[in-house]
Amino acid sequence: MPNVVVVGAQWGDEGKGKVVDLLTQHAQVVVRFQGGNNAGHTLVVGGQKTVLHLIPSGILHGGKTCVIGNGVVIDPAVLVSEIDSLKSRGLLKDDSQLLISENAHVIFPWHKLLDTLREKVRGGSAIGTTGRGIGPAYEDKVARHGIRVRDLLDTGRLNRRVSERLASALEELRELSHQAKQPPPQLETQQLVTEFAGLGERIRPYVGDVSLYLSGQVQRGARILFEGAQGTLLDVDHGTYPFVTSSNCVAGNAAVGSGIGPTAIDKVMGISKAYTTRVGGGPFPTELTDEVGERLRKVGDEFGATTGRPRRCGWLDGVVLRYAVRVNGLWGLALTKLDVLSGNKQVAICTAYELDGKRITELPTDYEDLGRVKPIYEMLPGWDEPLAGARSMDDLPPNALRYVRRVEEVAGVPVVCISVGADRGETILLQNPFRTD
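Described below are features of the structure shown in this document. (Residues numbered from 1 in each chain as written. Predicted model: local features only at pLDDT ≥ 70, side-chain atom pairs only at ≥ 80, totals over all residues. Heavy atoms only, no water.)

### Things to note about the overall build of the protein chain
A count of helical and extended segments in the protein chain gives 13 helices and 20 strands. Against the 2.2 N^0.38 benchmark of 22 Å for 437 residues, the protein chain shows a C-alpha radius of gyration of 22 Å, consistent with a compact globule. The buried share of the protein chain, reckoned over its 437 residues, is 56%. Across the protein chain, the fraction of contacts at a sequence separation of at least 24, relative to all contacts at a separation of at least 6, is 76%. Looking at the protein chain as shown, the accessible area adds up to about 17600 Å², and 49% of this sits on carbon and sulfur atoms. For the protein chain, the distance from the average position of its 50 positive side-chain charges to the average position of its 51 negative side-chain charges is 1 Å. (Helix = DSSP H or I, 4+ residues; strand = E, 2+ residues; numbered from the N terminus. Rg over C-alpha atoms; globule rule 2.2 N^0.38 Å. Buried < 20%, exposed > 50% of the residue type's maximum accessible area, 1.4 Å probe, protein only. Contact = heavy atoms within 4.5 Å. Areas by Shrake-Rupley, 256 points an atom, 1.4 Å probe, with all protein chains shown as cover. Lys, Arg positive; Asp, Glu negative; His and termini not counted. Charge placed at Lys NZ, Arg CZ, Asp CG, Glu CD.)

### Some points on the pairing of strand 15 (residues 332–336)
Of all five residues in strand 15, five are buried; the element is thus mostly enclosed. Alternating residues of strand 15 divide into Gly 332, Ala 334 and Thr 336 and Leu 333 and Leu 335, and every residue in both groups is buried. Pairing analysis gives five bridges linking strand 11 (residues 267–273) to strand 15, with the strands arranged parallel. Residue pairing in the sheet places Gly 270 in a bridge with Leu 333 of strand 15. Both strand 15 and strand 19 (residues 415–419) contribute to a ladder of three bridges, which runs parallel. (Pairing = 2+ DSSP bridges.)

### Notes on helix 3 (residues 109–122)
Three or four residues apart is the spacing at which side chains of an α-helix point the same way, because the helix has 3.6 residues per turn. Taking 1.5 Å per residue, 14 residues should reach 20 Å; helix 3 reaches 20 Å between its end C-alpha atoms and fits that length. Of all the positions in helix 3, only Pro 109, Trp 110, His 111, Leu 114, Asp 115, Leu 117, Arg 118 and Glu 119 are classed as buried. Tucked into the core, helix 3 has its buried residues touching strand 8 (105–106), helix 4 (134–142), helix 6 (155–180) and helix 7 (189–203). At the C-terminal side of helix 3, Gly 123 shows a positive phi close to 60 degrees. (Expected span 1.5 Å × (residues − 1).)

### Digging into the sheet that holds strand 20 (residues 427–429)
As summarised here, the arrangement of the 10 strands in space is 9-7-5-2-10-1-11-15-19-20, forming an open sheet in which the pairing is mixed. Every interior strand has two partners, whereas the edge strands, strand 9 (207–208) and strand 20, have only one. In terms of strand pairing, strand 19 meets strand 20 through three bridges, oriented antiparallel. Paired with Ile 418 across the strands is Ile 428, a residue of strand 20.

Below, the structure is given as C-alpha cells:
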C-alpha cells in the first residue's frame, strides 16, 4: 500500500492541516516527523474550528493512530493541553490513538527564554521566531546535551539531565538579560524536575518505540500518511537561510524524523496556496505591500494560527514552486485558498526573476541575491464568481480553471487537489495519492 508524505511547498501556512485531515480517511496511521508547537494546523469540520500544534491533524478521525516522531521537539505542557482538549471533545477516546516517540526531545523553559531574549538582542536583524523555544531545543539535541521524552519518565535521570544543562543555560540567560537591560530569569532545578516529571506521567501511556511500531505497520501494508510542518523555504538546509526554522521540512526528513527507511515512502504531495505568504523576516520576491496585498490578507484571514501575527502576502511565486518540486520530488500539488482570489480583475503568477539585469528561472542559492531579485509576472484574467460550492473542475469558472492549468505548467506537476473554502467538504480531490491504479 502507498505511504504518502505531505509537505509545504512555500514558507509554511499553506493549509497542510486541512489536506492531511482530508487524506486521513484513506490512511491508517498519521505521523508528524519534525518541528514543534511553532506550527499551527487549522482544521474546520462542520463549521467547528480546531487548531493543533503537536498532535497530527488526523486525530479528528476515529480509528486512526496518530504518531509524534523522534524528529519533533515537544513542549509537554502544550501536548498535555492538546490531549485534554481533544479528550473533552470526545476525539481522543483511548490511548491507542496516540503514540509519542520516547526519543523526541523536550522543550524546557530555558529554551523559550533563550529564544525570546536572543530575538530581542538581535533587534532589527531578528529572524522572526515564534519564541516557543524550538531552535534552542534543536541546538541542545545537536550539541548532545538535550533531554528526551524517555528522560521525563525516570525522575533520577531527569534530575541529572536538568542539573547538567541548567547551569550553562542560566549563564547565557544572564548575559542576554544584561544586553537586553532586564533582570535575569530565575530557574531552579528541583522545581523544573517536579514539574516535568509530572508532565511525563501524564504522557506516559502514549510513549513508545515509534520506529518499531512504524516498521510493523509497513510490513503489514498499512497506509501511512506523514505530516510535515512549516514549508520547504523554511527548511534549515534548503530554505532561505538564516530566515528559516531549525529543522528539515523537506520530504526526505520524513524517514529520518520517524525512524523508517526511505524506501517505505511512495509519494510526496506538496501543498501551496494559490498565492504566497510568509511570516517573519527574510526575502519575499512577490510580496505586495499595496491594497491588493491587504485584500489577500483580509479575505484569506492571513494571521498566524500559533502567534496571531499578520502574514506577508503576495502573488504566487512559480520559481519557488519549481524549487519545491525539485527538492521534495513532488508527485502532485494541492492548491489551497483558490477562493481567496475571487473578485480580482487580474491575477498574477511569477514565472521568473530578474537579477542584475538577467532573467533567471531558478531560485538563487544566496538569500541576499533572492532579496534583490525583481519578479517577472504573467498576468491572467481574474474572476468574480465565489468558489465555495465547487466540487469538481466543471464547477470552476473558466478563468479560475485557466489559472489552475497555468499553475500546473509553471510548477511542472499536476494539481491533484483544490481547496475552495476552509471547511473539510469545500475541496476538489482530483487524484487520491493512496490509490494504486
